[in-house]
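Given next are the chains, with one letter for each unit.
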Amino acid sequence: NTATLSAQTNPERVISRHIYGHFAEHLGRSIYGGFYVGEDNKKIPNTAGVRNDVVDALKKLKVPNLRWPGGCFADTYHWKDGIGPKENRPTIVNTWWGNVTENNSFGTHDFLNMCELLGTEPYLAGNMASGTVQELMDWVQYVNFEGESPMSKLRKENGREKPWNVKFWGVGNEAWGCGGNMTPDYYANEYRKYATFMAGWTNENNLFRIASGANSADYNWTETLMKNIPHNMLGGVALHHYAVIDWAKKGPSKDFTEQHYFATMKSALFMEELVNKHSAIMDKYDPKKTVALVVDEWGGWYEVEPGTNPGFLYQQNTMRDAMIAGVTLNIFNNHSDRIRMANLAQAINVLQAVILTDEEKMLLTPTYHVMEMYNVHQDAFYLPLNLKTVDYTMGNEKLPAVSGSASKDKNGVTHITLVNIDPKKGQDVTVTIDGAKFKSVGGRVLASKNIQDHNTFDKPNNITPTNFKGANLKGNNLTVKLPACSVVVLELK
Ligand code: AHR
């Protein structure tokens, strides 16, 4: 495996920190039991009901934005049910996820205040399918309007004087499916209408509206949106793609075979083709790249853990998930001229989670560690890493064994992240450095013997990053010995 690193920065090419966003839906134990355990909980230390252990862990990740309240749930959610005294709030039946009845005790104030606690920017997903224009307009007014108005008055009565100034807004979710089964033409028109009335409650340039995007390879969806929505009312177009083997037979989350593993990695690496093709369509209508591609749902999706509610999407998280995270984030970094925001699905106890909880216990998954290792790329200058790699093969099929990306941070430190998805073979990578002289190389590695290895509540530190000793720097030549199934972050000074 060989690579060339062009170490000269281009001031125009920054990897937006928002690529490292997360997602918190009212789904299973994501909010209730995951983020939020209630103000009166005496067993689990919390701040206004939000778990302190979760806040500490997420702060270390440097979560740039958090998407809420869905997902599919967003298009059934009526925000006014989640404000005011908790004992007066009506219930809602979560028809998408297990038909459970929830009491709306975690609402707008709870979420936005939690974002402040985490130091993260909220990304609110607006209800466009079962809600109204007025309802979404009122939500924008409630959270963002500084002046005197019916909604800002209500906000103040509910204890919040200053607006939160929420910048990121989704206009519906998966409008092609759970968000109303719309056609792209119909959705584009609806988007124009909703987006029109969202404006005016805040500094116009400050509102970043995101259109519900394509399901994976539905290129016609992106084309229709880019053609029919005026770009001055479009901050980003979304894209959803999950690493899934087969929607009818997703396979287990931890006791999987190497065949399952290969198929999952194939689906994860398909992201490269998706991004190239959706970006090419966007380039046609927006050559200056003013509209961002926002991959606001990505990650591995398997069968739920045996014995758990099928509607709760609770799955274990193994070294396979670390590989998905590593290769996907490398793809995002390398396409950061167009991809300027993304959200891993989902943060806690749902799908490819970074945190799992069981009552008062909490663990950090291998995916958490990859997100933490990669956070050095947040808002750093992108550096091209031209990689030629051998294949990881299965039968007649092949996948690139090694993937990578690089950046230089604001302090002048260069980082390279490399992933070797081959579960059996280590890989040597020789990097030729162009345009800079470095004196030292250090790094960290996340690796484990088996792709099925994971952290448990009894052994939460089974998999954690360790110091990496496999990199050697001689002049402008860097050699790296990647262990089998590993993620490495290198620091060059
Ligand atoms: O992340 C789980 C679900 O997947 C979301 O609610 C939906 O948008 C997608 O289909």
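Residues numbered from 1 in each chain as written. Predicted model: local features only at pLDDT ≥ 70, side-chain atom pairs only at ≥ 80, totals over all residues.

Let's shift gears to the packing of helix H6 (residues 219–228) against helix H7 (residues 258–285). Where H6 meets H7, the closest approach of the two axes is 9 Å, and the angle between their N-to-C directions is 20°. Considering their axes alone, H6 and H7 lie roughly parallel with respect to each other. Relative to H7, the crossing made by H6 is right-handed. Between H6, through Tyr219, Thr222, Glu223, Met226 and Lys227, and H7, the contact on the second element is made entirely by Lys277, His278, Ile281, Met282 and Tyr285. (Axes fitted to C-alpha atoms, helices over the stretch in contact; angles between N-to-C directions. Helix = DSSP H or I, 4+ residues; strand = E, 2+ residues; numbered from the N terminus. Parallel < 35°, antiparallel > 145°, perpendicular 65-115°, else oblique. Left-handed = near helix turned anticlockwise from the far one by under 90°. Contact = placed C-beta atoms within 7 Å.)

Let us now look at the sheet that holds strand E12 (residues 292–300). Read once around its circumference, the closed barrel built from eight strands follows the order E2-E5-E8-E9-E10-E11-E12-E13, with strand pairing classed as parallel. Across the sheet, the mean angle from the axis of one strand to that of its neighbour is 30°, orientation sign disregarded. (Pairing = 2+ DSSP bridges.)

Taken together, Glu25, Gly70, Gly71, Cys72, Asn173, Glu174, Glu297, Ala345, Gln346 and Leu351 make up the full set of residues near the ligand. When its residues are assigned to classes, the shell around the ligand shows three nonpolar, four polar and three charged. (Near = placed C-beta within 6 Å. Nonpolar A, V, L, I, M, F, W, Y, C, P; charged D, E, K, R; others polar.)

Bringing the domain arrangement of the protein into the picture now. Each assigned domain of the protein is listed here: domain 1 (15–379) and domain 2 (385–492). A straight line from the C-alpha centre of domain 1 to that of domain 2 covers 29 Å. Residue-level contacts link 35 residues of domain 1 with 28 residues of domain 2. Elements supplying a minimum of two residues to the side of domain 1 that touches domain 2: H7, helix H8 (319–334), strand E15 (361–364) and helix H9 (366–374). Of all the elements, H8 adds the most residues to the side of domain 1 that touches domain 2, at nine residues. (Domains from an automatic or database assignment.)

So, about helix H5 (residues 184–198). With 15 residues, H5 extends 21 Å from end C-alpha to end C-alpha; this agrees with the ideal 21 Å at 1.5 Å per step. Contact partners of the buried residues in H5: helix H3 (133–144), strand E9 (168–171), strand E10 (208–215) and H6. Following H5 by one or two positions, Gly200 adopts a phi angle in the positive range, close to 100°. (Expected span 1.5 Å × (residues − 1).)

As a further point, take the environment of Lys288. Looking at the element boundaries, Lys288 is found in the loop between H7 and E12. Expressed as a C-alpha distance, the spacing of Lys288 and Arg338, which sit 50 residues apart in the sequence, is 9.8 Å.

Bringing the sheet that holds strand E21 (residues 414–420) into the picture now. As a general point, the strands of a sheet are linked pairwise by backbone hydrogen bonds and lie either parallel or antiparallel. Overall, antiparallel pairing links the six strands, which are arranged E16-E20-E21-E27-E23-E24 in an open sheet. On the outer flanks of this sheet lie strand E16 (381–383) and strand E24 (466–467), each paired with one strand and no other. Sheet topology places E16 next to strand E20 (residues 402–408); three bridges connect them, and they run antiparallel. Paired with Phe381 across the strands is Lys408, a residue of E20. The strands touched by H8 within the sheet are E16, E20, E21, strand E23 (441–447) and strand E27 (486–492), with E20 carrying the most contacts at an inclination of about 50°. In the packing of H9 onto the sheet, contacts are made with E21, E23 and E27, and the angle to E23 comes to roughly 165°.

Quick look at the packing of H3 against helix H4 (residues 150–157) now. Between two packed helices, both the angle of their axes relative to each other and the distance between the axes serve to describe the pair. At a closest axis distance of 8 Å, the pairing of H3 and H4 adopts a crossing angle of 55°. Accordingly, the angle class assigned to the pair H3 and H4 is oblique. As for the relative orientation of H3 and H4, their crossing is right-handed in sense. Seen from H3, the contacting residues are Asp138, Gln141 and Tyr142; seen from H4, they are Met151, Ser152, Leu154 and Arg155.

Another point: the UniProt feature "domain: Alpha-L-arabinofuranosidase C-terminal" (unreviewed entry) in the protein. The sites that UniProt annotates as "domain: Alpha-L-arabinofuranosidase C-terminal" (unreviewed entry) are residues 296–486. The span residues 296–486 is 13% helix and 40% strand, and its two end C-alpha atoms sit 25 Å from each other. (UniProt positions renumbered as here; feature names shortened; annotations may be inferred.)

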